[in-house]
Amino acid sequence: MSYYKFLLPSGLGVFSGYDWRGSAGFWVDADGPVGCRAGIHACRVEDLPYWLADDLWRIELDGPVTAYENKVVAGRGRLGEKVEEWTGQAALEFSAACVGRVAYHAAAELRDVGLASMAEDIDAAVRRFAEGGEWDALTECAAECVQVPVRHPGSAANLLSAYIGDALESFRDDPPAAAAYIAARAASQRSGSVGDDPYLDERRWQAFWLAGRLGLPAPSVAP
Amino acid sequence: MSALGLSCEVVFDLTGAWYDDELSENDQNAFEQHLLLCPPCLAYSDRLRRALGALAEATTVAMPAELVERLVLREHSPSHSGLDESGPGQRRQGKMRIIGNGPRQ
């Protein structure tokens, strides 16, 4: 099993502030009893979308590795190599992909209520965004879809169209974790039958995207 | 479904409990994932963690030598009952623990 750890560019742990600088190749022991809130925290590939930060490292774990819903914890860890593919550009591409996913969910919801032409407008605008970063058309298109009268009770067409604007703002202003979260929330707001847990499915989609882009092993569960 | 829908106000209120490892696993996940998408909250939690960490490094506060000397003299005074004047249960140890858990790694 391959494990990964996000760190700040300074080499510090994102939450703990633990200084990992210079420790690559050396075992680091957890201080005190190991539990979900103590010990060496790491990610499986499928956990990566939840913990996106600046730098990504491979890490080897030793001793019992306890698996939690979104992370693993062990008593010892040894940083390996930095995942050089996780760059600012890769993070930007990931955020853009998440914007595209929000648009995908919004367009699907619009189609469900018979607004196919608006869905096509969204599709076309998101293609232009993906190809050249042009987001004005997507912003305007989404704003129109927010206003369109939807007569189907329970439809999330207006809401998800608004999420496109949120995702675009996050793409511009926020860390990649934000756009990823918005995409997962958009999936979870779908009104139709789109799986048992659309939020988790979207997170799996993101994990597959990251694995493919970064050259990591595929996550164990397909989206 | 994630319980990630925490507002910055809630995160602000929970930061102390987070530092002290008092959040449930779910709440801790939601808290930390909020930090990743909210740089101001991450910066705030980082400042608080560093401040509390500095306090934790000084987990013992030595009494001033003069005070220790006075207490020792009192302890050996024939009139001393063995209890602090503030009453039972109010006696202080010579060293005081201030902060509990250290940081996670």
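Just so you know, these numbers come straight off a predicted model, no measurement behind them.

Calculation notes
- Every chain is numbered independently, its residues counted from 1 as its sequence is written.
- In the order they appear in the text, chains get letters beginning with A and ligands get numbers beginning with 1.
- Selection of residues for local features in this predicted model requires a pLDDT of at least 70, selection of side-chain atom pairs for listing and counting requires 80 or more, and totals for whole chains, interfaces and linings are taken over all residues.
- What we call a nonpolar core is a set of buried Ala, Val, Leu, Ile, Met, Phe, Trp, Tyr and Cys residues whose membership is set by joining through C-beta atoms within 7 Å.
- Here the C-beta atoms are placed from the backbone, and a residue counts as buried if at least 20 other C-beta atoms lie within 10 Å of its own, exposed if 12 or fewer do, and partly exposed otherwise.
- Labels follow the DSSP assignment, with helices taken as runs of H or I lasting at least four residues and strands as runs of E lasting at least two, numbered in each case from the N terminus.
- For each domain, the first and last residues come from an automatic or database assignment.
- Throughout, a pair of residues is in contact if the C-beta atoms placed from their backbones lie within 7 Å.
- For this scheme, ten residues count as nonpolar: Ala, Val, Leu, Ile, Met, Phe, Trp, Tyr, Cys and Pro. Four count as charged, namely Asp, Glu, Lys and Arg, and the remainder, Gly too, count as polar.
- The rule for pairing is simple: two strands pair if DSSP sees at least two bridges between them.
- The axes used here are C-alpha line fits, helices contributing only the stretch in contact, and every angle between their N-to-C directions lies in the interval 0 to 180 degrees.
- Under this scheme an angle from 65 to 115 degrees is roughly perpendicular, one under 35 degrees roughly parallel, and one over 145 degrees roughly antiparallel; angles in between are oblique.
- Left-handed is the label given to a crossing in which the near helix is rotated counterclockwise from the far helix by less than a right angle, and right-handed is the label when the rotation is clockwise.
- A residue's pLDDT is the confidence the predictor assigns to it, expressed on a 0 to 100 scale.

1. Description of the nonpolar core
Residues and elements named next belong to chain A.
Then comes step 1: Core analysis: the largest hydrophobic core is formed by 82 residues, its most contacted members being Val 102, Ile 122 and Ala 167.
Then comes step 2: Residue contributions to this core peak at eleven residues, all from helix H1 (residues 88-112).
Then comes step 3: Per-domain counts for this core show at least three residues from each of domain 1 (3-82) and domain 2 (88-214).
Then comes step 4: Ignoring any residue separated from it by four or fewer positions in sequence, one finds Ile 122 in contact with Ala 103, Ala 106, Ala 107, Leu 110, Cys 141 and Cys 145.

2. Thoughts on the domain arrangement of chain A
Residues and elements named next belong to chain A.
Then comes step 1: One can read the domain layout of chain A as domain 1 (3-82) and domain 2 (88-214).
Then comes step 2: The centre of domain 1, based on its C-alpha atoms, is set 31 Å off from the matching centre of domain 2.
Then comes step 3: Counting residues at the interface gives six residues for domain 1, matched by ten residues for domain 2.
Then comes step 4: When the residues that make up the side of domain 1 that touches domain 2 are grouped by side-chain class, the tally is five nonpolar, no polar and one charged.

3. Description of the pairing of strand E1 (residues 3-7) of chain A
Within a regular strand, side chains alternate between the sheet's two faces.
Residues and elements named next belong to chain A.
Then comes step 1: With five of five residues buried, E1 lies mostly within the body of the structure.
Then comes step 2: Of the two faces of E1, the one holding Tyr 3, Lys 5 and Leu 7 and the one holding Tyr 4 and Phe 6 are both buried throughout.
Then comes step 3: Here E1 pairs with strand E4 (residues 55-67) via five bridges, running antiparallel. Its bridge partner being in E4, Tyr 4 is matched across the sheet by Arg 58.

4. A closer look at the packing of helix H2 (residues 116-132) of chain A against helix H3 (residues 136-147) of chain A
Residue and element names in this part refer to chain A.
Then comes step 1: Following both chains from N to C, one finds H2 and H3 inclined at 160 degrees, their axes separated by 8 Å at the closest point. Taken together, the axes of H2 and H3 are roughly antiparallel relative to one another. Where H2 crosses over H3, the handedness of that crossing is left-handed. Residue-level inspection shows Met 118, Asp 121, Ile 122, Ala 125, Val 126, Arg 128 and Phe 129 of H2 in contact with H3, the latter providing Ala 137, Leu 138, Cys 141 and Cys 145.
Then comes step 2: Residue classes in the contact of H2 with H3 are distributed as nine nonpolar, no polar and two charged.

5. Concerning the interface of chain A and chain B
Then comes step 1: The partner chain B presents 20 residues to the 28 residues of chain A that form the contact.
Then comes step 2: Breaking the side of chain A that touches chain B down by element, the ones donating at least two residues are strand E3 (40-42) and helix H5 (176-188) of chain A.
Then comes step 3: Ranked by the residues each element gives to the side of chain A that touches chain B, the list is headed by H5 of chain A, at four residues.
Then comes step 4: Looking at the side of chain A that touches chain B, its residues break down into 17 nonpolar, seven polar and four charged.

6. Focus: the packing of H1 of chain A against helix H6 (residues 198-214) of chain A
Residues and elements named next belong to chain A.
Then comes step 1: Where H1 meets H6, the closest approach of the two axes is 11 Å, and the angle between their N-to-C directions is 145 degrees. In this structure, H1 meets H6 at a crossing whose hand is right-handed. Between H1, through Ala 90, Glu 93, Phe 94, Ala 97 and Arg 101, and H6, the contact on the second element is made entirely by Glu 202, Trp 205, Trp 209, Leu 210, Arg 213 and Leu 214.
Then comes step 2: Its residues placed into classes, the contact of H1 with H6 shows seven nonpolar, no polar and four charged.

7. Some details on the confidence of the model for chain B
All names here are of chain B.
Then comes step 1: The share of residues in chain B with pLDDT of 70 or more is 67%, and the mean pLDDT across the chain is 72.
Then comes step 2: Across chain B, the element-wise mean pLDDT spans from 79 in helix H4 (residues 65-75) up to 91 in helix H1 (residues 8-19).
Then comes step 3: Predicted confidence for residues 81-103 stays below pLDDT 50, and this span has 24 contacts to residues more than four positions away or in other chains.
Then comes step 4: The ipTM, which scores confidence in the relative placement of chains, is 0.80 for this predicted complex, and the corresponding pTM is 0.81.

8. A look at the pairing of strand E5 (residues 72-82) of chain A
Residue and element names in this part refer to chain A.
Then comes step 1: Sheet topology note: the strand E2 (residues 27-29)/E5 ladder contains three bridges and is antiparallel. Looking at the pairing, Asp 29 lines up with Arg 76 of E5.
Then comes step 2: Sheet topology places E3 next to E5; three bridges connect them, and they run antiparallel. Bridge pairing in E5 links Ile 40 to Ala 74.
Then comes step 3: In this structure, E4 lies alongside E5, joined through eight bridges in antiparallel fashion. Within E5, the residue paired with Ala 67 across the bridge is Val 72.

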